[in-house]
Amino acid sequence: MSVPVRCGMELFWDKRYRHLFLAQVIALIGTGLTTVGLALLASELAGNRAGEVLGAALAIKMIAYVVIAPVVGAYATRLPRRALLVALDLMRALVVVSLPFVTAVWQVYVLIFLLNTLSAGFTPVFQATIPDIFEDERRYTKALSMSRLAYDLENLLSPLSAAMLLAVMSFNALFVLNAAAFMLSALLVVSVSLPSSQAPAKVVGGVWARLSQGVVLYLRTPRLRGLLALNMAVASAGAMQIVNTVVYVRHVLGEGETSVAIAFAAAGSGSMLIALSLPRLLKRLNQRAVMLAGGMLMSASLFGGLLSPGFHGLLLLWLVLGAGSSMVMTPSGRLLKQSCQADERPTLFAAQFSLSHACWLIGYPLAGWLGASLGMTVAFAVLGVMALVSTLAAMQLWPAH
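Thresholds applied
Residues numbered from 1 in each chain as written. Predicted model: local features only at pLDDT ≥ 70, side-chain atom pairs only at ≥ 80, totals over all residues. Heavy atoms only, no water. Helix = DSSP H or I, 4+ residues; strand = E, 2+ residues; numbered from the N terminus. Buried < 20%, exposed > 50% of the residue type's maximum accessible area, 1.4 Å probe, protein only. Contact = heavy atoms within 4.5 Å. Areas by Shrake-Rupley, 256 points an atom, 1.4 Å probe, with all protein chains shown as cover. Expected span 1.5 Å × (residues − 1). Core = buried A, V, L, I, M, F, W, Y, C linked by side-chain atoms within 4.5 Å. Salt bridge = Lys/Arg side-chain N within 4 Å of Asp/Glu carboxyl O. Patch = residues over 30% accessible without salt bridge, like charges linked within 9 Å, V, L, I, M, F, W, Y side chains within 5 Å. 1 Å grid on protein atoms, 1.4 Å probe; cavity = no way out; pocket = protein on both sides within 12 Å on 5 of 7 lines; lining within 4 Å. Points joined across faces, edges and corners; volume = space filled by probe spheres on them. Nonpolar A, V, L, I, M, F, W, Y, C, P; charged D, E, K, R; others polar. Axes fitted to C-alpha atoms, helices over the stretch in contact; angles between N-to-C directions. Parallel < 35°, antiparallel > 145°, perpendicular 65-115°, else oblique. Left-handed = near helix turned anticlockwise from the far one by under 90°. Phe/Tyr/Trp six-rings, centres within 6.5 Å; stacked < 30°, edge-to-face > 60°. Arc of directions from axis to C-beta. Polar contact = N/O pair within 3.5 Å; in protein donor to acceptor, adjacent residues only side chain to side chain.

Student: Can you walk me through the overall build of the protein chain in this structure?
Tutor: Along the backbone of the protein chain there are 15 helices and 0 strands. Every one of the 401 residues in the protein chain was classed for burial, and the buried ones make up 58%. Considering only contacts in the protein chain between residues 6 or more positions apart, those separated by 24 or more positions represent 86%. For the protein chain, the accessible surface area stands at approximately 15,500 Å², while carbon and sulfur atoms represent 67% of it.

See the structure below:
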């Protein structure tokens with residue numbers, strides 16, 4: 001398991017990547033603290049209907065992502081990357097530090113929309129910068145694995161850190177720590193010179209043509225249509241895990257706040273195991289086969305929920321679910337790079353960001369409503385069927401050759 005990590009160390013010889021990776025890890029861990037804090041805030045404000053509130057809040061997050069990301073992708077090449085990323089980090093810190101003062105559900109919704117409007121600007125620009133630093137596919141594949149590892153570190157370390165912090169402080173302190181993380185991320189970004197954006201591709205037409213360019217290119221590409229279907233499988237599984245973990249652990253199993261954090265960490269552990277292994281696996285295995293197998297694993301995990309697992313059974317299911325999610329998401333950046341020219345990267349990465357989060361916009365509120373109104377068993381069944389059908393659709397949309 002150590003080989004991919006050791007091989008990936010060469011990436012950190014580049015100061016630009018080293019600082020960007022650290023900025024990503026720090027900001028993600030801070031965001032993870034807010035995810036746990038938000039789940040507990042929803043539980044405090046709405047009791048056993050916390051899943052509904054959390055599902056609605058996360059649906060609002062997805063609306064911000066779906067609407068804002070194409071706008072940023074269309075115009076990102078015209079703005080200085082470093083200044084844009086730093087400004088967005090500082091504004092995110094300002095918004096998240098306001099969450100401890102929330103006293104009503106509608107205030108949660110407003111702040112979540114603002115926070116994720118800013119994140120919808122930050123993430124595609126960040127993702128499109130990495131292939132400009134590492135233009136050869138070998139190093140870029142390793143960079144994708146390290147980026148996925150950063151997400152997995154967040155999924156693993158944030159809940160565990162939250163569990164320890166909650167033993168000595170209120171969950172509101174998690175929001176303050178997230179604000180500090182965004183500020184530190186901004187300092188790391190401002191400390192390096194980033195490669196300039198490629199000259200924007202020529203677009204015939206007005207504003208709408210510019211906004212839709214990435215989506216049109218995405219949907220014209222068979223392998224990316226398959227990726228979109230797999231994004232729906234990831235969203236179905238991930239929405240069940242993120243929205244209903246707090247409800248299942250606290251209100252079905254009767255466990256405490258620390259158990260909620262440990263359950264979140266289980267999914268991160270499974271994802272991390274795959275992210276560490278994937279660069280080596282992709283040298284031997286077809287990436288289509290790996291990604292489709294990930295869809296099947298997520299489907300199996302959700303169907304396992306029909307057995308009404310106890311706490312340890314749930315940890316196992318979330319471990320498998322996290323592994324399947326990583327098998328789909330880690331190679332997706334490489335798939336995007338293979339499908340476009342350099343000058344099309346910002347718009348295509350923004351299209352992936354927007355379309356994938358449109359899938360989450362379906363998954364989040366559906367998971368919340370199913371869990372609150374029809375029960376956990378129905379939620380596991382419906383979302384499991386959605387994940388399986390999406391994976392089977394990907395097999396048809398993405399030709400094997």
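Resuming the write-up.
Student: Sorry if this is basic, but what is going on with helix α7 (residues 172-190) here?
Tutor: Working note: α-helix, 3.6 residues per turn, so residues spaced by three or four point in the same direction. Spanning 19 residues, α7 covers 28 Å between terminal C-alpha atoms, matching the ideal 27 Å at 1.5 Å per step. Along α7, the residues classified as buried are Leu174, Phe175, Asn178, Ala179, Ala181, Phe182, Ser185, Ala186, Leu188 and Val189.

Student: How should I be thinking about the nonpolar core in this particular structure?
Tutor: One recurring pattern in soluble globular proteins is that nonpolar side chains are buried together. One finds Tyr17, Phe134, Tyr218, Met240, Leu302, Trp318 and Tyr364 to be the most contacted residues of the largest nonpolar core, which totals 110 residues. Among the elements that make up this core, the one with the highest residue count is helix α9 (residues 222-252) (17 residues). In terms of nonpolar packing, the next biggest core, distinct from the first, is built from 6 residues, Ile274, Leu278, Leu282 and Met327 among them.

Student: Sorry if this is basic, but what is going on with the pattern of salt bridges here?
Tutor: Proximity of charged atoms lets side chains of opposite charge pair with each other. Throughout the structure, instances matching the rule amount to 2 salt bridges. The salt bridge involving Arg16 is made with Asp14; its shortest N-O contact spans 2.9 Å. Judged by its relative accessible area of 18%, Asp14 is buried. One salt bridge in this structure joins Asp89 and Arg92, with 2.7 Å as the shortest N-O distance. Of the two residues, Asp89 and Arg92 are both situated in helix α4 (residues 81-96); the distance of 3 residues between them amounts to about one turn of the helix.

Student: Would you take a moment to explain a nonpolar patch on the surface for this structure?
Tutor: Residues Ile63, Val67, Trp106, Val110, Phe113 and Leu114 make up a contiguous nonpolar surface patch of roughly 560 Å² in combined accessible area. Among the elements of the structure, α3 (50-75) and α5 (105-133) are those that each provide at least two residues to the nonpolar patch. For the nonpolar patch, the element with the highest residue contribution is α5, accounting for 4 residues. Here Val110 is to be found in helix α5. Residue classification places Val110 among the partly exposed residues on the basis of a relative accessible area of 41%.

Student: Would you take a moment to explain the layout of surface pockets for this structure?
Tutor: Its boundaries defined by the atoms lining it, the second largest pocket holds a volume of some 160 Å³. In terms of lining residues, the second largest pocket is bounded by Pro222, Arg223, Asn286, Gln287, Arg288, Trp398, Pro399, Ala400 and His401. Each residue belonging to the lining of the second largest pocket can be placed in one class, and the counts come to 4 nonpolar, 3 polar and 2 charged.

Student: Got a minute to help me understand the packing of α4 against α5 in this structure?
Tutor: Pairs of packed helices are described in terms of their axes, by the angle between the two and the distance that separates them. Between α4 and α5, whose axes approach to 9 Å, the crossing angle comes to 150 degrees. Taken as axis vectors, α4 and α5 run roughly antiparallel relative to one another. For the pair α4 and α5, the crossing hand works out as left-handed. Along the contact surface, α4 presents Arg81, Leu84, Leu85, Leu88, Asp89, Met91, Arg92 and Val95, while α5 presents Leu111, Leu114, Leu115, Leu118, Ser119, Gly121, Phe122, Val125, Phe126, Ala128, Thr129 and Asp132. A per-class count over the contact of α4 with α5 returns 13 nonpolar, 3 polar and 4 charged.

Student: Teacher, can you tell me more about the packing of aromatic side chains here?
Tutor: The geometry of an aromatic ring pair comes down to the distance between the two centres and the angle between the two planes. Under the criterion given, the structure shown has 4 aromatic pairs. Plain terms: the ring middles of Tyr248 and Phe380 are 6.2 Å apart, the flat faces sit at 85 degrees to each other, and that makes the pair edge-to-face. With Tyr248 in helix α9 and Phe380 in helix α15 (residues 376-397), this pair connects stretches of sequence that are 132 residues apart. What links up through ring pairs into an aromatic cluster is the set Tyr248, Trp318 and Phe380.

Student: What is the right way to look at α15 in this model?
Tutor: With 22 residues, α15 should cover 32 Å at 1.5 Å per step; its first-to-last C-alpha distance of 31 Å lies within 8% of that length. For α15, every residue scored as buried is listed here: Met376, Ala379, Phe380, Leu383, Gly384, Ala387, Ser390, Thr391 and Ala394. Angular distribution of buried residues about the axis of α15 spans 130 degrees; they occupy a single face of the element.

Student: Explanation requested: unusual backbone geometry in the structure shown.
Tutor: Trans is the prevailing form of peptide bonds, just as negative phi is the prevailing case for residues other than glycine. Although it is not a glycine, Ser308 sits at a positive phi angle of roughly 50 degrees. Relative to the elements of secondary structure, Ser308 occurs in the loop between α11 (287-304) and α12 (311-329). Ser308 gets classed as partly exposed once you look at its relative accessible area, which sits at 49%.

Student: Help me understand the packing of α9 against helix α10 (residues 257-281) in this model?
Tutor: The contact between α9 and α10 brings their axes to 9 Å, and the two run at 145 degrees. The crossing of α9 and α10 is right-handed. Each of Gln241, Ile242, Thr245, Val246, Val249 and Arg250 in α9 lies in contact with α10, whose residues at this interface are Glu257, Ser259, Val260, Ala263, Phe264 and Ala267.

Student: Teacher, can you tell me more about the environment of Leu58 here?
Tutor: For Leu58, the location among the structural elements is in helix α3. Residues Leu58 and Trp360, spaced 302 residues apart in sequence, show a C-alpha to C-alpha distance of 8.4 Å.

Student: Before we go on, may I ask you to explain the side chain of Ser236 in this structure?
Tutor: If you trace the backbone, Ser236 turns up in helix α9. Under the relative-accessibility criterion, Ser236 is labelled buried at 0%. Engagement of the side chain of Ser236 in a polar contact is seen with the backbone oxygen of Met232, the distance being 2.9 Å. Filtering out sequence-adjacent residues up to four positions away, Ser236 remains in contact with Leu302, Leu383, Met386 and Ala387.

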